[in-house]
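Letter by letter, the chains look like this.
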Amino acid sequence: MLGALCALCCFAMAAPAADPPIWRGPISGGVTDSSSWIKAKLRYQGSSARLLVSTNVDLAAPKWFGPMTALTEQGKMVEFHATNLQANTQYFYALEVNGAVLSDKRGAF
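None of these values were measured; they are calculated from a predicted model.

So, how was this worked out
- Residues numbered from 1 in each chain as written.
- Predicted model: local features only at pLDDT ≥ 70, side-chain atom pairs only at ≥ 80, totals over all residues.
- Heavy atoms only, no water.
- Helix = DSSP H or I, 4+ residues; strand = E, 2+ residues; numbered from the N terminus.
- Buried < 20%, exposed > 50% of the residue type's maximum accessible area, 1.4 Å probe, protein only.
- Contact = heavy atoms within 4.5 Å.
- Areas by Shrake-Rupley, 256 points an atom, 1.4 Å probe, with all protein chains shown as cover.
- Core = buried A, V, L, I, M, F, W, Y, C linked by side-chain atoms within 4.5 Å.
- Pairing = 2+ DSSP bridges.
- Axes fitted to C-alpha atoms, helices over the stretch in contact; angles between N-to-C directions.

1. Some words on the overall build of the chain
Across its full length, the chain holds 1 helix and 8 strands. Across the chain, helices and strands are ordered from the amino to the carboxyl terminus as α-β-β-β-β-β-β-β-β. Burial statistics for the chain: of 109 residues in total, 28% are counted as buried. Looking at the chain alone, contacts between residues at least 24 apart form 56% of all its contacts between residues at least 6 apart. Accessible surface computed for the chain: about 6,800 Å², of which carbon and sulfur atoms make up 59%.

2. Observations regarding the nonpolar core
If you look at the biggest cluster of nonpolar residues, it comprises 19 residues, and the most contacted ones within it are Leu42, Leu51, Val53 and Leu95. Sorting the residues of this core by element identifies strand 2 (36-42), strand 3 (48-54), strand 5 (77-82) and strand 6 (92-97) as the ones contributing at least two each. In this structure, Leu42 is in contact with Pro21, Ile22, Trp23, Ser47, Ala49, Ala70, Lys76, Val78, Leu95 and Val97, ignoring residues within four places of it in sequence.

3. Concerning the pairing of strand 2
With burial as the criterion, only one face of strand 2 is covered, namely that bearing Ser36, Ile38, Ala40 and Leu42; the residues Trp37, Lys39 and Lys41 on the opposite face remain uncovered. Across 5 bridges, the pairing between strand 1 (residues 22-29) and strand 2 is antiparallel. Along strand 2, the bridge assignment pairs Arg24 with Lys41. As consecutive antiparallel partners, strand 1 and strand 2 are separated by 6 residues, and within that stretch Gly30 has a phi angle of approximately 60 degrees, a positive value. As paired strands, strand 2 and strand 5 are joined by 6 bridges and run antiparallel to one another. Bridging from a neighbouring strand, Ile38 pairs with Phe80 of strand 5.

4. Points about the environment of Lys63
When you line up the elements, Lys63 lands in strand 4 (residues 63-69). When its relative accessible area of 34% is taken as the criterion, Lys63 is described as partly exposed. Expressed as a C-alpha distance, the spacing of Lys63 and Asn84, which sit 21 residues apart in the sequence, is 9.8 Å. Setting aside anything within four residues of it in sequence, one finds Lys63 in contact with Leu51, Leu52, Val53, Thr83, Asn84 and Leu85.

5. Side note on the sheet that holds strand 5
Across a sheet, paired strands are connected by hydrogen bonds in the backbone, their directions being either parallel or antiparallel. Spatial ordering of the open sheet is given by 1-2-5, a layout of 3 strands whose pairing is antiparallel. The open sheet has two free edges, formed respectively by strand 1 and strand 5, since each of these has just one partner strand. Each strand axis lies, on average, 15 degrees off the axis of its neighbour in the sheet, ignoring direction.

Here's what the structure looks like:
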């Protein structure tokens, strides 16, 4: 019985994790005193993404941008132009993909 339990645990730990919905990014660039571009490559055709931008590291009280849909003819890239931001302010951002905020891929500018 113990041997079977150990084998089951080893098999469960060796099973591959589900593919994350973001293939690359997100990454920010083109930062001005009131805006920034944020881009990411999503893994799956048809995935829907929104960008959230916040002055709080925990992403509380965000501004939302989007949604964008990952399309094969656009390389499954999504891009957001975050506008109307305050100058000289640290911002944190993350993507919400298919309804789930992926805070482990959080970035800052």
